[in-house]
Amino acid sequence: MKIIFLDVDGVLNCATTKERVRDLLFVEDCKVQLLKELVDETGATIILSSTWRFGFENPEIYPELLEFENKLAQFGLFIEGSTPVDARGYRGKEIDEWLKAHADEVESFVILDDDNDMKPWGSHLVKTSWAKGLQPNHIRAAKKILNERVEIK
């Protein structure tokens, strides 16, 4: 299985995003369309690594996640799971824990995020920026990473 570890803020939205849901920054259709291109061309599964994943455990506190899932569904995209929450908030460790728990299933993976804290998997990071979010060059880089097999230890 090919995996996309997906951050939301700084990936599917950015500094210039106008879309809002309940006064919170939402996602842009053009960036969701880029994500769809990546999923369609690679067959990858989306695992949410963003802080938006807190909505899975607390939907009454984070109703925005339902709106987010509905937006993705409009594009034929679905979130298949989320990374665990590390008390220190270290995303790379959370991704590492998820990978170790699913090592037999993972063929390759990419991390789409605007942060750098991805050790020990920094070579799988396609770093976006808060200024622009997801761009076509990020999709090209992600495809390349997803086409390389990885061994999880």
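Note: the structure precedes this text.
About the criteria used
- Residues numbered from 1 in each chain as written.
- Predicted model: local features only at pLDDT ≥ 70, side-chain atom pairs only at ≥ 80, totals over all residues.
- Heavy atoms only, no water.
- Helix = DSSP H or I, 4+ residues; strand = E, 2+ residues; numbered from the N terminus.
- Contact = heavy atoms within 4.5 Å.
- Phe/Tyr/Trp six-rings, centres within 6.5 Å; stacked < 30°, edge-to-face > 60°.
- Buried < 20%, exposed > 50% of the residue type's maximum accessible area, 1.4 Å probe, protein only.
- Core = buried A, V, L, I, M, F, W, Y, C linked by side-chain atoms within 4.5 Å.
- Pairing = 2+ DSSP bridges.
- Axes fitted to C-alpha atoms, helices over the stretch in contact; angles between N-to-C directions.
- Arc of directions from axis to C-beta.

Section: the environment of Ile 111
You can see Ile 111 is positioned in strand β6 (residues 108–113). Ignoring any residue separated from it by four or fewer positions in sequence, one finds Ile 111 in contact with Phe 5, Ile 95, Met 118, Trp 121, His 124, Leu 125 and Val 126.

Overview of the packing of aromatic side chains
Inspection of the entire model under this criterion finds three aromatic pairs. Between Phe 109 and Trp 121 the ring centres are 5.2 Å apart and the planes differ by 85 degrees, which places this aromatic pair in the edge-to-face class. Of this pair, Phe 109 sits in strand β6 while Trp 121 sits in the loop between β6 and β7 (125–127), placing them 12 residues apart in sequence. In this pair, the class of Phe 109 matches that of Trp 121, namely buried. One aromatic cluster is present, built from ring pairs that chain together Phe 5, Trp 98, Phe 109 and Trp 121.

Details of the nonpolar core
Ile 4, Leu 6, Leu 12, Leu 35, Phe 68 and Leu 112 are the most contacted members of the largest nonpolar core, which totals 31 residues. Broken down by secondary-structure element, the contributors of at least two residues to this core are β1 (2–6), α1 (29–42), β4 (45–48), α3 (64–74), β6 and α5 (136–146). Excluding residues within four positions of it along the chain, Leu 6 makes contact with Val 11, Leu 12, Leu 35, Ile 46, Ile 47, Leu 48, Ser 49, Ser 50, Phe 68 and Leu 112. Core analysis: the next-biggest nonpolar cluster, separate from the first, contains 14 residues, Trp 98, Phe 109, Met 118 and Ile 152 among them.

A closer look at the sheet that holds β7
Overall, parallel pairing links the five strands, which are arranged β5-β4-β1-β6-β7 in an open sheet. The two strands at the open ends of the sheet, each matched to only one other strand, are β5 (79–82) and β7. The mean angle between the axes of side-by-side strands here comes to 30 degrees, regardless of whether they run parallel or antiparallel. Where β6 meets β7, three bridges bridge the pair, whose relative direction is parallel. From the neighbouring strand, Asp 113 faces β7, where its bridge partner is Lys 127. Against the sheet, α1 engages β1, β4 and β6, with an angle of about 165 degrees to β1.

Notes on α5
Given 3.6 residues per turn, any residue in an α-helix points the same way as the ones three and four places further on. Among the residues of α5, His 138, Ile 139, Ala 142, Lys 143, Ile 145 and Leu 146 are the ones counted as buried. Projected onto a plane normal to the axis of α5, the buried residues spread over an arc of 160 degrees and lie on a single side. Opposite the packed face of α5, turned more than 90 degrees from it, sit the exposed residues Arg 140 and Lys 144. For α5, the secondary structure elements touched by its buried residues are β1, α1, β6 and β7.

As far as function goes, none of this settles anything; it's purely spatial.
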